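# Structural overview
Here is what each chain is made of, one letter per residue.
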Amino acid sequence: MRPTAAVRGDAPTGKAYNLWWGAKEGATPQKGIIEYSISPVRQRAAKNLFRSYLFNGYRRLSSQVGYWIVPVVLGYSTYAWAKKYDAYLNSKEGHLAQAEEH
């Protein structure tokens, strides 16, 4: 026995009518189409959303620490060095040191 179109999954959803280019008069409902659905109340899309993120999110983020900690430390140390060096160059000692080179 061959499965119906609904079982194969290529049947249209909703009330399925075999229409020819949108003609609505004389259209009869197709037979053999079975639809399954779950009540929106039973789906519970956000069940334990925050609780599961605490554990699963921590596990996923902690497994990636090795990939982002090195660039963050390198970038912040470069920023801190540049900020300190700029403060030195704009200070009185920096101006005096640069005046000797010019």
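Residues numbered from 1 in each chain as written. Predicted model: local features only at pLDDT ≥ 70, side-chain atom pairs only at ≥ 80, totals over all residues. Heavy atoms only, no water.

### Section: helix H3 (residues 49-62)
We count it as follows: Strands are runs of DSSP state E lasting at least two residues, helices are runs of H or I lasting at least four, and both sets are numbered from the N terminus onward. Expected span, for any helix, means 1.5 Å times one less than how many residues it has. Two axes are fitted around each residue, one to the seven residues ending there and one to the seven starting there, and the angle between them is reported as the bend at that residue.
Look at H3: 19 Å from first C-alpha to last across 14 residues, which is about the 20 Å you get at 1.5 Å a residue. Its maximal kink placed at Phe 55, H3 deviates by approximately 30 degrees.

### A look at the confidence of the model for the protein chain
The cut-off we apply is this: As a per-residue measure, pLDDT reflects the predictor's confidence and takes values from 0 up to 100.
Of the residues in the protein chain, 69% reach a pLDDT of 70 or more, and the chain-wide mean stands at 78. Of all helices and strands in the protein chain, the one with the weakest mean pLDDT is helix H1 (residues 5-8) (48), whereas helix H4 (residues 65-89) scores best (95).

### Comments concerning the packing of aromatic side chains
Where we set the bar: Between rings of Phe, Tyr and Trp, where Trp is taken as its six-membered ring, a pair exists when centres lie within 6.5 Å; planes separated by under 30 degrees are stacked, by over 60 edge-to-face, and by other angles tilted. Only protein chains enter the accessibility calculation, which uses a 1.4 Å probe. A residue is then buried if its area is under 20% of the maximum for its type, exposed if over 50%, and partly exposed in between.
Summed over all chains, the structure comprises two aromatic pairs. Between Tyr 76 and Tyr 79, the aromatic rings sit 6.1 Å apart at their centres with planes inclined by 45 degrees, giving tilted as the arrangement. With a gap of three residues between them, Tyr 76 and Tyr 79 both fall in helix H4, about one helical turn apart. Here Tyr 76 falls in the exposed class, since its relative accessible area comes to 58%. Since its relative accessible area comes to 48%, Tyr 79 is described here as partly exposed.

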